[in-house]
Amino acid sequence: MALFSSLTPVFIAITCVLIGVILKKTNGEKEKHETKSKPLSRPWVDEDLKDGTDHHLEEEDVDEEWQGLDENIAHVPFFAERYSEGEMIKRSQMFYELLNKRRSVRFLSDEPVPREVIDNVIRTAGTSPSGAHTEPWTFVVVQDPYLKHKVREIVEEEEEINYKKRMGDRWVNDLKRLRTNWIKEYLDTAPYLILIFKQVYGWLPNGKKKTHYYNEISVSIACGILLAALQNAGLYTVTSTPLNCGPQLRVLLQRPANEKLLLLLPVGYPKKEATVPALTRKPLKDIMVVM
């Protein structure tokens, strides 16, 4: 009895230690689970703008043996046009001078633009390289006034929330000097809106999903070519990536679930009274490294 009494404090201490260890382990696992299941809070992140590599296909949905490409595709001789050094320098200088006139214009006229021009610039964008030649892009051209206005309503509603809540003071203050806000009149006035969707995956003839490798990079390259083609045609735009508008615009324009909005371009001529910020571009020495 005396022995039991003397050991009682020891038993109590051991019991307390064990209870403490169990509680700590339980809380640790709970916190770990919550951290793993709860996404990082980044209100400015648009799910549609995440790279396609975030959209992993289930193994059973992927046909590892065949992705719809002909393994026996013919390879043909390639003939390239060659220019003299003088002509190359001249052409490269002229092309630079043309694109150096490109500006983001938010004051667009409602003056009609020939539809054939829009067809041609999108054909040009479609010449872009893509991962495994999957061509994972869809260019939706909106010219109907009703649809353009619905696009504007969706964008302005979300953009107001973006400016007031999601973007944060630093981002909003950085935009003040450009005199931009959530009012997007050009979405009504521009004769065309071009919405560029990335196809995060495609479909095979057998009904299984087809992997679209580097889909965001591929579509981004196509967008760059499109901007150059618009400039070459004498048309202007402003690159717009309205946060959190993708799902609603996808429904409005009846696009499938595998397409995610990447960019929205209002396209037209500048208004006569249009203005742009007096910005300068970095000199060559600041953007090129020769080794």
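Read on for a plain summary of the structure. (Residues numbered from 1 in each chain as written. Predicted model: local features only at pLDDT ≥ 70, side-chain atom pairs only at ≥ 80, totals over all residues. Heavy atoms only, no water.)

A separate point is the nonpolar core. Ile118, Phe139, Ile194, Ile196, Leu226, Leu265 and Val267 are the most contacted members of the largest nonpolar core, which totals 21 residues. When residues of this core are traced back to their parent elements, those giving at least two are α3 (115-125), β1 (137-142), β2 (192-199), α7 (215-232) and β5 (259-267). When near neighbours in sequence (up to four residues on either side) are disregarded, isoleucine 194 contacts Ile118, Ile122, Phe139, Val140, Val141, Leu226, Leu263, Leu264, Leu265 and Val267. (Core = buried A, V, L, I, M, F, W, Y, C linked by side-chain atoms within 4.5 Å. Buried < 20%, exposed > 50% of the residue type's maximum accessible area, 1.4 Å probe, protein only. Helix = DSSP H or I, 4+ residues; strand = E, 2+ residues; numbered from the N terminus. Contact = heavy atoms within 4.5 Å.)

The next thing to look at is the sheet that holds β2. The sheet built from three strands is open, its strands ordered β1-β2-β5 with antiparallel pairing. Each having just a single partner strand, β1 and β5 make up the two edges of the open sheet. For this sheet, the mean inter-axis angle between neighbouring strands, taken without regard to orientation, is 20°. (Pairing = 2+ DSSP bridges. Axes fitted to C-alpha atoms, helices over the stretch in contact; angles between N-to-C directions.)

One can describe the packing of helix α2 (residues 85-100) onto α7 by two numbers: an axis separation of 9 Å at closest approach and a directional angle of 90°. Overall, the two elements α2 and α7 adopt an arrangement that is roughly perpendicular. Across from Phe95, Leu98 and Leu99 in α2, the residues of α7 making contact are Ala228, Gln231 and Asn232. Of the residues in the contact of α2 with α7, the class split is four nonpolar, two polar and no charged. (Parallel < 35°, antiparallel > 145°, perpendicular 65-115°, else oblique. Nonpolar A, V, L, I, M, F, W, Y, C, P; charged D, E, K, R; others polar.)

Okay, α3 next. Residues Ile118, Val121, Ile122 and Ala125 constitute the buried set of α3. One face of α3 carries all of its buried residues, which in axial projection span an arc of 100°. What points out from α3, more than 90 degrees from its buried face, is the exposed set Glu116 and Arg123. The inward-facing, buried residues of α3 abut β1, β2, α7 and β5. (Arc of directions from axis to C-beta.)

In this section: the pairing of β5. Burial within β5 is extensive, with nine of its nine residues counted as buried. Pairing between β2 and β5: eight bridges, direction antiparallel. Counted as the bridge partner of leucine 195 is leucine 264 from β5.

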